[in-house]
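Fold and geometry: a report
Take a look at the letters that make up each chain.
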Amino acid sequence: MILGDSHEYALATEAGKLDYMLKDQCILVDENDKAIATFQKLASIGNTHQHSKGNWYEALMHLKSNDREKAITALEKSAKNPKAYKHKEAKELIEEIKK
């Protein structure tokens, strides 16, 4: 990210706000559909680390909803990238789900 690029800076700032603010609120309020949509949005903006955080938390919400296939799909995105947030955990969780 180039700090002089105001659009990129705005996206990174928005991603950071979503990451900290919404994961706790959506999970605690038990609004899985809203949480999933929020984390999908997070996965579509920001940098690679922010993308993978969105994928990780989206997967957790799918698991909470007992949707293993969608959880695996979200986790595979992080499992493929060694620099992704919770990369190792994503790989391990995929194996656990498939048992």
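Residues numbered from 1 in each chain as written. Predicted model: local features only at pLDDT ≥ 70, side-chain atom pairs only at ≥ 80, totals over all residues. Heavy atoms only, no water.

A look at unusual backbone geometry
The condition is simple: We call a residue buried when its accessible area falls under 20% of the maximum for its residue type, exposed when it is over 50%, and partly exposed in between, using a 1.4 Å probe and counting protein chains only. Each helix is a run of DSSP H or I of at least 4 residues and each strand a run of E of at least 2, with the numbering of both proceeding from the N terminus.
Although it is not a glycine, N66 sits at a positive phi angle of roughly 65 degrees. Classification of N66 by relative accessible area gives exposed; the value is 70%. Look at K86: it is not a glycine, yet its phi comes out positive at around 55 degrees. Relative to the helices and strands, K86 resides in the loop between helix 4 (68–79) and helix 5 (87–98).

Here's the deal with the packing of aromatic side chains
To keep it simple, the criterion reads: Two aromatic rings, drawn from Phe, Tyr or Trp (for Trp, its six-membered ring), form a pair once their centres lie within 6.5 Å of each other, and the interplanar angle then sorts them: stacked below 30 degrees, edge-to-face above 60, tilted otherwise. Charge over a ring is defined by NZ of Lys or CZ of Arg lying within 6 Å of the ring centre and within 35 degrees of the ring normal.
Under the definition given, this model contains one aromatic pair. A centroid spacing of 6.1 Å and a plane angle of 35 degrees characterise the contact between Y57 and Y85, whose relative ring orientation is tilted. Highlighted residues: Y57 in helix 3 (residues 48–64) and Y85 in the loop between helix 4 and helix 5, separated in sequence by 28 residues. For the pair Y57 and Y85, a shared accessibility class is recorded, and that class is buried. A cation over a ring is seen here: K53 above Y85, with NZ or CZ 5.2 Å from the ring centre.

Focus on the nonpolar core
One broad rule of soluble globular proteins: the nonpolar side chains tend to lie buried together. Let me state the cut-off plainly: Within this scheme, the nonpolar core is defined by two criteria: the residues are buried Ala, Val, Leu, Ile, Met, Phe, Trp, Tyr or Cys, and they are joined through side-chain atoms within 4.5 Å.
F39, W56, Y57, M61, L75, A90 and I97 are the most contacted members of the largest nonpolar core, which totals 16 residues. Those elements that provide at least two residues to this core are helix 2 (32–44), helix 3, helix 4 and helix 5. If one sorts the elements of this core by residue count, helix 4 sits on top with five residues.

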